[in-house]
Amino acid sequence: MMFSFSTLIGFCAGISLFAFAIISSTDHHQIFMSLSSLALVLGSTLAASLISYSSGDVLIAMRSMVQTFFHTPTSQKHLRTLVSRFVDWSNLYRQGGISALEQSLSKEESKDEYLCHAMELIGSGYKNHEIRIMLSDAMDATWQRHTLESKVLNTMATYAPGFGMVGTIIGLIIMLDNLNGDMAGLGQGLALALITTLYGVVLANLFFKPAANQVTEKQEALYYRHQLITEGFVMLAEKRDALFIQDRLNAFLKPSVRLQFADEEL
């Protein structure tokens with residue numbers, strides 16, 4: 001995985017604009033900080049999520065929020081490199097068999113679970129249609145497992161503003177109960193009561209929803225990459241030549257980055 005600077009820039013920009021809006025509007029910055037309000041919103045959101053999903057699913061979803069700062073190798077540049085590798089593997093497999101393929105794997109490729117699984121299937125002697133079925137099943141199962149992460153995060157984004165409103169209602173009740181007391185503190189009490197709603201909206205729209213959208217985008221890109229790998233290994237099992245593999249897998253690439261040299265090498 002590679003660090004995603006765009007995610008870092010977006011996150012820092014969102015926090016900076018939020019802080020700028022506060023600093024430029026008032027000198028009483030401390031009224032926007034309340035650990036009890038944050039604990040109420042965040043804790044209640046996590047509690048409701050644990051009721052809706054298993055603890056393992058919630059923990060995995062929270063971990064995926066941290067992983068939004070990293071992206072998988074699914075760009076067009078990486079896909080082009082992958083197509084080039086399949087062009088090279090076609091000659092290696094026809095000349096040296098599965099052992100030549102396994103020895104050609106780089107350190108990074110040997111850590112790719114889906115790629116290694118496909119390599120094991122072709123090494124086991126399965127036919128091309130059998131490899132397609134097995135890899136498609138693995139691809140769909142991976143998609144189903146990981147889409148649950150975005151569902152959990154979207155659920156948390158739904159709960160957070162609601163619990164922010166709950167905190168505001170609690171604050172208003174306490175404030176009205178003390179209405180016969182210090183009237184000077186009425187405005188300050190109302191401000192504190194509204195902080196929970198602010199926290200809920202910020203958590204939902206700056207953390208949970210963007211993380212859920214990025215998890216979905218990552219899985220869509222990874223699914224697309226897995227489709228390319230599946231087609232590549234099916235053609236390797238068929239012992240197709242390099243030119244055919246190049247032209248077939250070029251369909252997964254933008255016209256501007258497609259390979260053009262396999263025919264020249266042949």
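As a starting point, this report considers the structure included with it. Keep in mind it's a predicted model, so treat the numbers as computed, not measured.

What follows covers the nonpolar core. The tendency in soluble globular proteins is for nonpolar side chains to be buried side by side. If you look at the biggest cluster of nonpolar residues, it comprises 29 residues, and the most contacted ones within it are Phe86, Leu228, Ile229, Phe233, Leu236 and Leu249. Residue assignment for this core shows that the elements contributing at least two residues are helix 4 (76-104), helix 5 (113-123), helix 6 (128-177), helix 7 (186-237) and helix 8 (242-249). Each residue touching Leu228, except ones within four places of it in the same chain, is listed here: Leu79, Leu82, Val83, Phe86, Leu249 and Phe252. With 17 residues, the next largest nonpolar core counts Val41, Ile195, Tyr199 and Phe208 among its residues.

What follows is about the pattern of salt bridges. Applying the stated criterion across every chain yields a total of five salt bridges. The salt bridge involving Arg85 is made with Glu109; its shortest N-O contact spans 2.8 Å. Residue Arg85 is located in helix 4, and its partner Glu109 is located in the loop between helix 4 and helix 5; the two are separated by 24 residues in the primary sequence. You can call Glu109 buried: its relative accessible area is 13%. Among the salt bridges present, the one from Glu231 reaches Arg248, with a minimum N-O distance of 3.4 Å.

Before going further, it helps to examine empty space enclosed by the protein. What the rule picks out here adds up to one cavity of 30 Å³ or more. Within this model, the largest cavity holds a volume of roughly 40 Å³. Surrounding the largest cavity, Met139, Thr142, Trp143, Gln219, Leu222, Tyr223 and His226 form its lining. Going through the elements one at a time, helix 6 and helix 7 are the ones with two or more residues in the lining of the largest cavity. With four residues, the single largest contributor to the lining of the largest cavity is helix 7. Tallied by class, the residues present in the lining of the largest cavity amount to four nonpolar, three polar and no charged.

Summed over all chains, the structure comprises seven aromatic pairs. On the basis of an interplanar angle of 85° and a centroid distance of 5.1 Å, the ring pair of Phe86 and Trp89 is categorised as edge-to-face. Of this pair, Phe86 and Trp89 are both found in helix 4, three residues apart, which corresponds to roughly one turn of the helix. Given a relative accessible area of 0%, Phe86 falls into the buried group. Through a chain of ring-to-ring contacts, the aromatic side chains of Phe86, Trp89 and Phe233 assemble into a single cluster. A cation over a ring is seen here: Arg240 above Phe244, with NZ or CZ 4.2 Å from the ring centre.

What follows deals with the layout of surface pockets. The computed volume of the largest pocket comes to approximately 1,100 Å³. Residue lining of the largest pocket: 31 residues in total, with Thr72, Pro73, Asp112, Leu222 and Arg225 positioned closest to the centre. Those elements giving two or more residues to the lining of the largest pocket turn out to be helix 3 (55-66), helix 4, helix 5, helix 6 and helix 7. The biggest single contributor to the lining of the largest pocket is helix 7, with six residues. Here the lining of the largest pocket is built from residues that sort into nine nonpolar, 11 polar and 11 charged.

Procedures and definitions
- Residues numbered from 1 in each chain as written.
- Predicted model: local features only at pLDDT ≥ 70, side-chain atom pairs only at ≥ 80, totals over all residues.
- Heavy atoms only, no water.
- Core = buried A, V, L, I, M, F, W, Y, C linked by side-chain atoms within 4.5 Å.
- Buried < 20%, exposed > 50% of the residue type's maximum accessible area, 1.4 Å probe, protein only.
- Helix = DSSP H or I, 4+ residues; strand = E, 2+ residues; numbered from the N terminus.
- Contact = heavy atoms within 4.5 Å.
- Salt bridge = Lys/Arg side-chain N within 4 Å of Asp/Glu carboxyl O.
- 1 Å grid on protein atoms, 1.4 Å probe; cavity = no way out; pocket = protein on both sides within 12 Å on 5 of 7 lines; lining within 4 Å.
- Points joined across faces, edges and corners; volume = space filled by probe spheres on them.
- Nonpolar A, V, L, I, M, F, W, Y, C, P; charged D, E, K, R; others polar.
- Phe/Tyr/Trp six-rings, centres within 6.5 Å; stacked < 30°, edge-to-face > 60°.
- Lys NZ or Arg CZ within 6 Å of the ring centre and 35° of its normal.

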